[in-house]
Amino acid sequence: IPFVLDEAVLGSTGDGMLVSWSSYQDELHNMLEKLFKWKHAQYPTREVVLLSSGPGFGTTGDICDHELGLSIPIAIVGPVLGRVCNPKRWKLQNTLAGGRFSYVYRNPVDKWNFCMVDIDLSANQHKPNVEVQMIETEVPPGTSWAGGVSVGFALADSRRGVSQMATLR
């Protein structure tokens, strides 16, 4: 579940499912405080990156600690193979802990997606270089999920060709 992502209209999930760490305010604030203090203790030689699955769309952004003046990159990914949802019911920016923390996400990806994280420790001995990149692909035309068309895919191995076929229903 995402670390920080709030519903624009509270309770809009309608199914009582946990949708974000934001549902556990005390634990979330405690975790963010510890991560930012750890980073701050040896800044700029330390970095934190938060990665999580999402509720049907992918995006990248930043969480800021306004007390320490630092930020942490964050990525919400997915679906890799699944339903893509419209992000309109989610707040893509908000504040937490009485304004100490804030988050902002970039435009969401409305395709199947995953992310690649590149951490280069050799580029600069005083600061790690972190790059988070969203990789996306179109959902095949005709894909449906509820009692309709099945989606087939193959797992490929460059040495042996297609090694396994699977069907999602």
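Residues numbered from 1 in each chain as written. Predicted model: local features only at pLDDT ≥ 70, side-chain atom pairs only at ≥ 80, totals over all residues. Heavy atoms only, no water.

## Focus: the overall build of the protein chain
As a reminder, the rule being used: Only DSSP runs of H or I with at least four residues qualify as helices, and only runs of E with at least two residues qualify as strands; both kinds are numbered from the N terminus onward. Burial classes follow relative accessibility: with a 1.4 Å probe on protein chains only, a residue under 20% of its type's maximum area counts as buried, one over 50% as exposed, and anything between as partly exposed. What sets the accessible areas is the Shrake-Rupley method with a 1.4 Å probe; for residues, cover comes only from the shown protein chains.
For the protein chain, the count of helices and strands is one helix and eleven strands. Starting at the N terminus and walking to the C terminus, you meet the elements of the protein chain as β-α-β-β-β-β-β-β-β-β-β-β. When burial is assessed residue by residue, the protein chain has 31% of its 169 residues classed as buried. Carbon and sulfur atoms form 52% of the exposed surface of the protein chain, whose accessible area is close to 10200 Å².

## Regarding the environment of Leu 121
Within the fold, Leu 121 resides in the loop between strand 8 (112-120) and strand 9 (129-137). Its relative accessible area of 61% is what places Leu 121 among the exposed residues.

## Some points on unusual backbone geometry
Note that the residue after Tyr 43, namely Pro 44, is joined by a cis bond; omega there is 10°. Relative to the helices and strands, Pro 44 is located in the loop between helix 1 (25-41) and strand 2 (50-53). A cis amide bond, omega 5°, links Gly 78 with the succeeding residue Pro 79. Assignment of secondary structure puts Pro 79 in the loop between strand 4 (70-77) and strand 5 (90-91). If you check the backbone angles, Ala 97 has positive phi at about 50° while not being a glycine. Checked against the element boundaries, Ala 97 lands in the loop between strand 6 (93-96) and strand 7 (101-105). Given a relative accessible area of 32%, Ala 97 falls into the partly exposed group.

## Things to note about the pairing of strand 7
Heads up, the condition is: One requirement defines pairing of two strands: DSSP has to find at least two bridges between them.
A large share of strand 7 lies buried, amounting to four of its five residues. Here strand 3 (residues 59-65) pairs with strand 7 via five bridges, running antiparallel. Directly across from Cys 64, in strand 7, lies its bridge partner Ser 102. Hairpin connection from strand 6 to strand 7: four residues lie between these consecutive antiparallel strands, with Ala 97 at a positive phi of about 50°.

## Things to note about the pairing of strand 6
In the sheet, strand 6 pairs with strand 7 via four bridges, with the strands oriented antiparallel. Among the inter-strand pairings, Asn 94 is bridged to a residue of strand 7, identified as Tyr 103.

## Things to note about the environment of Leu 35
With respect to the helices and strands, Leu 35 occurs in helix 1. Here the alpha-carbon distance between Leu 35 and Ile 72, two residues 37 residues apart in the chain, equals 9.0 Å.

## Here's the deal with helix 1
Under the convention used in this document: What a helix should span is 1.5 Å times the count of its residues minus one. In this analysis, two residues are considered to be in contact whenever any of their non-hydrogen atoms come within 4.5 Å of each other.
Between its first and last C-alpha atoms helix 1 spans 24 Å; for 17 residues at 1.5 Å apiece the expected length is 24 Å, and the two agree. For helix 1, the elements touching its buried residues are strand 2, strand 3, strand 4, strand 6 and strand 7.

## Digging into the pattern of salt bridges
This is how it is decided: Note on definitions: salt bridges are taken to be side-chain nitrogens of Lys or Arg within 4 Å of carboxyl oxygens of Asp or Glu.
Going through the model one piece at a time under the given rule, you end up with nine salt bridges. Its salt-bridge partner being Glu 67, residue Arg 100 comes within 3.8 Å of it at the nearest N-O pair. Of this pair, Arg 100 sits in the loop between strand 6 and strand 7 while Glu 67 sits in the loop between strand 3 and strand 4; the two residues are 33 residues apart in sequence, bridging distant segments of the chain. Judged by its relative accessible area of 57%, Glu 67 falls in the exposed class. A salt bridge links Glu 136 to Lys 111; the nearest nitrogen and oxygen atoms lie 3.2 Å apart. Taken together, the residues Glu 136 in strand 9 and Lys 111 in the loop between strand 7 and strand 8 connect sequence positions 25 residues apart. Since its relative accessible area comes to 42%, Glu 136 is described here as partly exposed. Among the ionic contacts, a cluster of salt bridges with common partners joins Glu 33, Lys 37, Asp 65, Glu 67 and Arg 100.

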